[in-house]
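# A look at the structure
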Amino acid sequence: MQSRWNKHEARACADELELRAYSSRLLGREPALVLHGGGNTSVKGEATDVFGETRRVLFVKGSGWDLKSIGAAGFAPTDLEFLLRLARLEQLSDSEMMRQLRLATLNPSAPNPSVEAILHALIPHRYVDHTHADAVVTLSNSPDGESILRELYGDEVLVLPYIMPGFILARQVAAATRGADWTSLRGIVLLQHGIFSFHEDAEGSYSAMIELVDRAERELLRRAGAQPPAAGAKTPAENPPPRPIQGIHGTPTIHGTPTGIHGTPTGIHGTPMQYQENHGTPTAPPPTVLPLQLSRLRKAAGKIHGTPMLVRLEASPEACAFAQLDNCGELIRRGPLTPDHTLHAKPFGAVFDADPLPGLGDFEQEYLRYFQAHASEHHQCLDAAPRYGVWRDKGMVYLAPSCKRLEIVADISAHTIRAIKLAEAIGGWRALPHDKLFEVEYWELEQAKLAKARAAPEQQGKIALVTGAASGIGRATVEEMRSRGAAVIALDIREMEGLESPEVLCLRCDVTDSDAVQSVLNEGVLHFGGLDILVSNAGNFPSSESLADMTDEAWEQSMQLNLGSHMKVLRACLPLLENGFDPAVVFVASKNVPAPGPGAAAYSAAKAGLTQLARVAALEAGPLGIRVNVVHPNAVYDTGIWTEEVLGERARRYDMDVEQYKTSNLLGLEVSSRDVAASIAVLAGAAFSRTTGAQIPVDGGNERVV
Ligand code: ZN
């Protein structure tokens, strides 16, 4: 553990609160100290109120703020004397404690103080830092953890047994430190929870945290290295061989690209999947087996959860090595790194065998038994779908109802399996017993949140695939789907600059190449778990050519991209859509289908073929529950090819100015990519759940179409 303290950055802080925020961010940037909102910090100071009276104030991290990004506004100024009086109460429910903490704040617009605020108040030092450091909790999750930590830290650190966070933890610390000599103490370890450090200045408190955790890390590694590996461990899987890059031909692409793009893009995004059988020899299964299995698992998990879920197969070398342990199924069920992880990841993991579905049912039963064993009548049972699991010989599986949650589960699980591996090497992984985990997962503060939960965005947990995503209608559709909560697999032969995010997986692909389509589809499904919506949009508009001048090449290129590629993408997606939630396909055709114009035979004929393809697809896919509809956009000018010059030239040809030309439709309104994207999203959503085989114009109204 290295100190990230920078004296120039520290000196640039305007006041103590800025400095407090600065050193908090240093802690937040270290995932081995805190993950996703874990940990909290404070500084004590003074403030003068409106009556001119000076009050002692605890500026403590507000709940909902993350140490990684916290600023001065993230700290709640709280009446320190009031907190110390609360600490002297014999009893206080956690809900009442939160109400009192709110009352103790000295600024009505401040965030709610951290649930550990009273504990911060009890420590007399000016600066207090608290993290859930992996090394400290890993040591304490081993059989001799407590004595190892006591020996390691001696009198410098107070080591306290695990107790539920909240008011009773504050009471425990108050009792344990009554009459303590704070000048000789540098920190407090809460077993199976985390560590506190404190000092009169910011750097001293931060440095104490780094130094104490560094000692724990070194001790853990020293002990783990000195012991033989855990029983049942096989040799870790080797790094996966790189996946062959699929052939990408120099064919034309995309709405808005006037001519073909030549050359072969390289550097396809993403890591290869590692397919390994039991004894380590990499073998490539039929390309769709694993994604199909994952999509079935996702469907079944979503049914248990009550809404669609995202599912990811993590096949990093660490995940594969864990999945190859003979006792991985037993280890994953032993419990989490710290009890607060149950809020994101449930108290234990699932175990998936070659057919993963029975493992899901087993988890559901086990979770319901756990609930029944510990619940009283006022507890409301949470869903019984797992959040992480091990898929034997394949890797780790993460499940969550949204992309944000999926990222959290992935991070927590990665840290947990690393900790399990180390703890196994020093005597065995021991998480807290189920009753303690249940206390946190079903904490009254968490149960109260259920009643206040807001409705999720319409497409949350759903997965859309959009082709031709780099620009124009495709790009607008990716953004529209994302804004409605969907995870998106974005395909294009070109770079999709600025589109990649945790919600959007950008994969470069020539959609006229069946193998390339299958390959990126597999990659996308392993990343998000399946497919619910296909927006088949890739296409181009060849330059105007009369039939007399038509070249074979122009004709065939248009047929290949504007028609053939759509069949190839649909064909590859259908088996996955069958396992989707309210699955829907939207084809982007053209006004040219109902109202063709001269000089666009190659384009219009391909788009007419595409419309007929969609009609047949609606007939074939309807009985499978998959809807297939078509949009016919027209005059969408906010794409690459329509420069002011081209528009001006077109407008002059019709004796109009550019504005008149853009709005020459029945409604007199310009049609933008975003307008088309919004129509596509609604057509793919619940509002059209009873519509298939329809063709919707998005053209501002055209007298030849009406
Ligand atoms: Zn904590």
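Residues numbered from 1 in each chain as written. Predicted model: local features only at pLDDT ≥ 70, side-chain atom pairs only at ≥ 80, totals over all residues. Heavy atoms only, no water.

## Overview of the overall build of the protein
Helix and strand counts for the protein stand at 24 helices and 18 strands. Relative to the compact-globule value of 27 Å for 706 residues, the protein shows a C-alpha radius of gyration of 30 Å, a close match. Overall, the protein is about 100 × 70 × 55 Å in size when its C-alpha atoms are taken along their principal axes. A total of 706 residues make up the protein; the buried ones form 55% of that total. Approximately 30100 Å² of the protein is accessible, and the part contributed by carbon and sulfur atoms is 52%. With 66 positive and 85 negative side-chain charges, the protein shows a spacing of 3 Å between the two charge centroids. (Helix = DSSP H or I, 4+ residues; strand = E, 2+ residues; numbered from the N terminus. Rg over C-alpha atoms; globule rule 2.2 N^0.38 Å. Buried < 20%, exposed > 50% of the residue type's maximum accessible area, 1.4 Å probe, protein only. Areas by Shrake-Rupley, 256 points an atom, 1.4 Å probe, with all protein chains shown as cover. Lys, Arg positive; Asp, Glu negative; His and termini not counted. Charge placed at Lys NZ, Arg CZ, Asp CG, Glu CD.)

## Some points on the sheet that holds strand β15 (residues 533-536)
Within the open sheet, the seven strands sit side by side as β14-β13-β12-β15-β16-β17-β18. Their pairing is parallel. Sheet topology places β14 (504-508) and β18 (695-698) at the edges, where each strand pairs with a single neighbour. Neighbouring strand axes in the sheet, compared pairwise and without regard to direction, differ in orientation by 15° on average. Packed on one face of the sheet, helix α18 (residues 472-483) meets β12 (463-467), β13 (487-492), β14, β15, β16 (584-588) and β17 (627-633) and runs near 170° to β12. (Pairing = 2+ DSSP bridges. Axes fitted to C-alpha atoms, helices over the stretch in contact; angles between N-to-C directions. Contact = heavy atoms within 4.5 Å.)

## Some details on the packing of aromatic side chains
One pass over the structure, following the stated rule, counts 14 aromatic pairs. For the pair Trp5 and Tyr22, a centre-to-centre distance of 5.5 Å together with 70° between the ring planes defines the contact as edge-to-face. You can see Trp5 sitting in the segment before α1 (7-11) and its partner Tyr22 sitting in helix α2 (residues 16-28), a full 17 residues away along the chain. Against the face of Phe581 rests Lys299, its NZ or CZ located 4.7 Å from the ring centre. (Phe/Tyr/Trp six-rings, centres within 6.5 Å; stacked < 30°, edge-to-face > 60°. Lys NZ or Arg CZ within 6 Å of the ring centre and 35° of its normal.)

## Looking at the coordination of the zinc ion
Ligation of the zinc ion by protein atoms is provided by His130 (NE2), His132 (NE2) and His193 (NE2), these donors lying 2.1 to 2.3 Å from the ion. The motif formed by the donor residues of the zinc ion, counted along the single chain, is H-x1-H-x60-H. Here His193 lies in the loop between β6 (187-190) and β7 (194-199) and His132 lies in the loop between β4 (127-131) and α6 (134-140), a separation of 61 residues in the sequence. Using a relative accessible area of 6% as the deciding quantity, one classes His193 as buried. (Donors = N, O, S within 2.8 Å, 3.2 Å for Na, K, Ca; no water.)

## A closer look at the sheet that holds strand β1 (residues 40-48)
Strand pairing in a sheet relies on backbone hydrogen bonds. The paired strands run either parallel or antiparallel. The sheet built from seven strands is open, its strands ordered β3-β2-β1-β4-β7-β6-β5 with mixed pairing. Only two strands of the sheet have a single partner each, and these edge strands are β3 (75-79) and β5 (157-160). Mean inter-strand twist for the sheet, computed between neighbouring axes without regard to direction, equals 20°. Sheet strands in contact with α2 are β1, β2 (54-61), β3 and β4, and its direction is about 20° off that of β4.

## Re α2
Taking 1.5 Å as the rise per residue, α2 with 13 residues should run 18 Å; its terminal C-alpha atoms sit 18 Å apart, in good agreement. Buried residues dominate α2, accounting for ten of its 13 residues. The N-capping residue of α2, defined by a side-chain oxygen 3.1 Å from the backbone nitrogen of Leu17, is Asp15. (Expected span 1.5 Å × (residues − 1). Polar contact = N/O pair within 3.5 Å; in protein donor to acceptor, adjacent residues only side chain to side chain.)

## Things to note about the pairing of β5
Bridge count for β5 against β6 is four bridges, and the pairing is parallel. Looking at the pairing, Val157 lines up with Gly187 of β6.

## Considerations on the pattern of salt bridges
Using the criterion set out here, one finds 34 salt bridges in the structure. Among the ionic pairs, Glu424 bridges to Arg334, the shortest N-O distance being 3.0 Å. In this pair, Glu424 sits in helix α15 (residues 403-425) while Arg334 sits in the loop between α12 (328-332) and α13 (342-345), placing the two residues 90 residues apart along the sequence. Among the residues examined, Arg334 registers a relative accessible area of 25% and is labelled partly exposed. Overlapping salt bridges bring together Glu156, Arg186, Glu211 and Arg215 as one network. (Salt bridge = Lys/Arg side-chain N within 4 Å of Asp/Glu carboxyl O.)

## A closer look at unusual backbone geometry
Residues other than glycine predominantly adopt negative phi, and peptide bonds predominantly adopt the trans conformation. With phi around 70°, Lys346 is a residue other than glycine that occupies positive phi space. Along the chain, Lys346 turns up in the loop between α13 and β9 (350-352). Of the residues examined, Lys346 reaches a relative accessible area of 4% and is grouped as buried. The phi dihedral of Asp582 falls on the positive side, at around 40°, and the residue is not glycine.

## Thoughts on helix α19 (residues 514-528)
Helix length check: α19, at 15 residues, gives a terminal C-alpha distance of 21 Å against a target of 21 Å (1.5 Å per residue), a fit within 8%. Summarising burial for α19: twelve of the 15 residues are buried, a large majority. Those residues of α19 that sit buried are Ala516, Val517, Gln518, Ser519, Val520, Leu521, Asn522, Glu523, Gly524, Val525, Leu526 and Phe528. One side-chain oxygen of the residue at the start of α19 lies 3.0 Å from the amide nitrogen of Asp515, identifying that residue as Asp513.

## Some thoughts on the confidence of the model for the protein
Across the protein, pLDDT averages 89, with 91% of residues at or above 70. Between residues 226-287, whose pLDDT stays under 50, and residues either more than four places distant or in other chains, the model counts 133 contacts. (pLDDT = per-residue confidence, 0-100.)

## Let's talk about the nonpolar core
By size, the foremost hydrophobic cluster in this structure holds 68 residues, and its most contacted members are Phe322, Met396 and Phe587. In terms of residue count, the dominant contributor to this core is α15 (ten residues). Both domain 2 (248-451) and domain 3 (463-642 + 672-698) contribute no fewer than three residues apiece to this core. Leaving out residues up to four positions away in the same chain, Phe322 has contacts with Cys328, Leu331, Ile332, Val390, Met396, Ile417 and Ile420. Membership of the second largest hydrophobic core comes to 46 residues, among which are Leu58, Val60, Met309 and Val397. (Core = buried A, V, L, I, M, F, W, Y, C linked by side-chain atoms within 4.5 Å. Domains from an automatic or database assignment.)

## Describing the packing of helix α3 (residues 80-87) against helix α4 (residues 94-104)
For any two helices packed against each other, one specifies the crossing angle of their axes together with the interaxial distance. Relative to each other, α3 and α4 sit at 160°, their axes nearing to 9 Å. Compared by their axis directions, α3 and α4 come out roughly antiparallel. Like other packed secondary-structure pairs, α3 and α4 cross with a definite hand, here right-handed. For the pair α3 and α4, contact is made by Phe82, Leu83 and Leu86 and by Gln100, Leu101 and Ala104, respectively. Of the residues in the contact of α3 with α4, the class split is five nonpolar, one polar and no charged. (Parallel < 35°, antiparallel > 145°, perpendicular 65-115°, else oblique. Left-handed = near helix turned anticlockwise from the far one by under 90°. Nonpolar A, V, L, I, M, F, W, Y, C, P; charged D, E, K, R; others polar.)

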